[in-house]
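# A closer look at the structure
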Amino acid sequence: SPAGMVLSVLVILLLSVLYEALKMGKAVLLRRALLALPRSLSQEALTEPQEGGNSDPAQGSPSLMAFPLPFPRWFWFHVGQTLFHVLQVVLGYMVMLAVMSYNAWIFLGAIVGSTLGYFM
């Protein structure tokens, strides 16, 4: 039916816009993750800096001795990037599967959605 076709094209258009938005979100998260990384990648630099300035090595670092270990900020950015990537792959395959129906209107909906998503 014509109404079903219009709805299908709109859904593909929105999925394509969401795909492009996820690409941009992943890039923003990558930039934040890179800013959260320490300049030196030694094991000591990858842990969060301690507050309070306890410098006695005999007592040990509370963040290294605690169980479970708290994860540094850059790790959570990496987890977010991984989730964004999984969503982007799933949406990409969904749009590709719809385009492979060889329907010209669905194809145009995917192209227009990608264009709008990139423009936004």
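Residues numbered from 1 in each chain as written. Predicted model: local features only at pLDDT ≥ 70, side-chain atom pairs only at ≥ 80, totals over all residues. Heavy atoms only, no water.

- Identification of the protein chain as Copper transport protein from Leiothrix lutea is taken from an unreviewed UniProt entry.
- Among the UniProt annotations of the protein chain, the heading Sequence similarities (unreviewed entry) holds the following wording: "Belongs to the copper transporter (Ctr) (TC 1.A.56) family. SLC31A subfamily." (UniProt positions renumbered as here; feature names shortened; annotations may be inferred.)

## Observations regarding helix 4 (residues 73–99)
- Here helix 4 is 27 residues long and its end C-alpha atoms lie 39 Å apart, about the 39 Å a rise of 1.5 Å per residue gives.
- Those residues of helix 4 lying buried are F77, G80, Q81, Q88, L91, V95 and A98.
- Buried residues belonging to helix 4 abut helix 1 (2–36) and helix 5 (104–119). (Helix = DSSP H or I, 4+ residues; strand = E, 2+ residues; numbered from the N terminus. Expected span 1.5 Å × (residues − 1). Buried < 20%, exposed > 50% of the residue type's maximum accessible area, 1.4 Å probe, protein only. Contact = heavy atoms within 4.5 Å.)

## A word on the UniProt feature "transmembrane region" (unreviewed entry) in the protein chain
- Per the UniProt entry, the sites bearing "transmembrane region" (unreviewed entry) are residues 6–22 in this numbering.
- In residues 6–22, the share of helix is 100% and the share of strand is 0%. The end C-alpha atoms are 24 Å apart.

## Comments concerning a nonpolar patch on the surface
- A surface patch of nonpolar side chains, amounting to about 580 Å² of accessible area, comprises V89, Y93, M96, M100 and Y102.
- You can see M100 is positioned in the loop between helix 4 and helix 5.
- By relative accessible area, which is 45% here, M100 ends up partly exposed. (Patch = residues over 30% accessible without salt bridge, like charges linked within 9 Å, V, L, I, M, F, W, Y side chains within 5 Å. Areas by Shrake-Rupley, 256 points an atom, 1.4 Å probe, with all protein chains shown as cover. Salt bridge = Lys/Arg side-chain N within 4 Å of Asp/Glu carboxyl O.)

## What about the nonpolar core?
- Ranked by size, the top nonpolar core spans nine residues in total: V9, I12, L15, L22, L91, V95, A98, I106 and A110.
- Listing elements by their share of this core, those giving two or more residues are helix 1, helix 4 and helix 5.
- With four residues, the single largest contributor to this core is helix 1. (Core = buried A, V, L, I, M, F, W, Y, C linked by side-chain atoms within 4.5 Å.)

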